[in-house]
Amino acid sequence: MTDAAPPPADIQLSILAQFVRDLSFENPGAGTRIDTRPDLPVRIDANARQIPSEDGEQGLYEVSLKIEAKAIVENRNIYVTSLDYVGIFRLTGAPQNMIEPILLAECPRILFPFARRVVADATRDGGYPPLLLDPVDFMALYRQRLDAVAAQRAQQPTGQA
């Protein structure tokens, strides 16, 4: 008889709610004729926090997907939009070392199509072609975050109390 590895944990991820926490659309270029293709810088960030539960339920998390986008022509903002899109998730059965990657990579991947639609609708309703965001590799963004934290720690002097 051989020792078998324990079976993988039964990880369950459920989305309990999703909503727009904050949406802003500024239109300083309204009515301006645009003859050139604008620069469209986009910034995307994901954050997560555990939600304390009054009844002691464990595994509730709020994941926030923040998207900021601009249309810029000749160093002038044509429009600026900012979205904070939130999902409330229940995560159970995950080993401790998998919780952060699930919350900061998998949950934003689930939320992204909905947030993308909100941004597209906001830009279209502002009088411009809808801004259709390219797909995002949230695992790559998570790894970049880990690398940035590691680099920051490496720059800090050691041995200080």
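Residues numbered from 1 in each chain as written. Predicted model: local features only at pLDDT ≥ 70, side-chain atom pairs only at ≥ 80, totals over all residues. Heavy atoms only, no water.

Asks: An account of the sheet that holds strand E4 (residues 76-92) is needed here, citing residue identities and associated values.
Replies: Read from one edge of the open sheet, four strands run E1-E4-E3-E2, paired in antiparallel fashion. In this open sheet, the two edge strands, each paired with only one partner strand, are strand E1 (12-26) and strand E2 (42-50). Each adjacent strand pair in this sheet contributes to an overall mean axis angle of 15°, direction not counted. The sheet contact formed by E1 and E4 spans 13 bridges and is antiparallel. (Pairing = 2+ DSSP bridges. Helix = DSSP H or I, 4+ residues; strand = E, 2+ residues; numbered from the N terminus. Axes fitted to C-alpha atoms, helices over the stretch in contact; angles between N-to-C directions.)

Asks: So what's going on with the layout of surface pockets? Residues and values would help.
Replies: To find leftover empty space, one rolls a probe the size of a water molecule over the atoms. Roughly 190 Å³ of internal volume is contained in the largest pocket. Along the lines of polarity and charge, the residues of the lining of the largest pocket split into ten nonpolar, no polar and one charged. (1 Å grid on protein atoms, 1.4 Å probe; cavity = no way out; pocket = protein on both sides within 12 Å on 5 of 7 lines; lining within 4 Å. Points joined across faces, edges and corners; volume = space filled by probe spheres on them. Nonpolar A, V, L, I, M, F, W, Y, C, P; charged D, E, K, R; others polar.)

Asks: Can you tell me about the packing of helix H1 (residues 96-125) against helix H2 (residues 138-155), naming the residues and giving the values?
Replies: Following both chains from N to C, one finds H1 and H2 inclined at 145°, their axes separated by 9 Å at the closest point. Both H1 and H2 take part in a crossing whose hand is right-handed. Taking contact as the criterion, the partners of Glu-100, Pro-101, Leu-104, Ala-105, Pro-108, Arg-109 and Phe-112 in H1 are, on H2, Phe-138, Met-139, Tyr-142, Arg-145 and Leu-146. Partitioning the contact of H1 with H2 into residue classes produces nine nonpolar, no polar and three charged. (Left-handed = near helix turned anticlockwise from the far one by under 90°. Contact = heavy atoms within 4.5 Å.)

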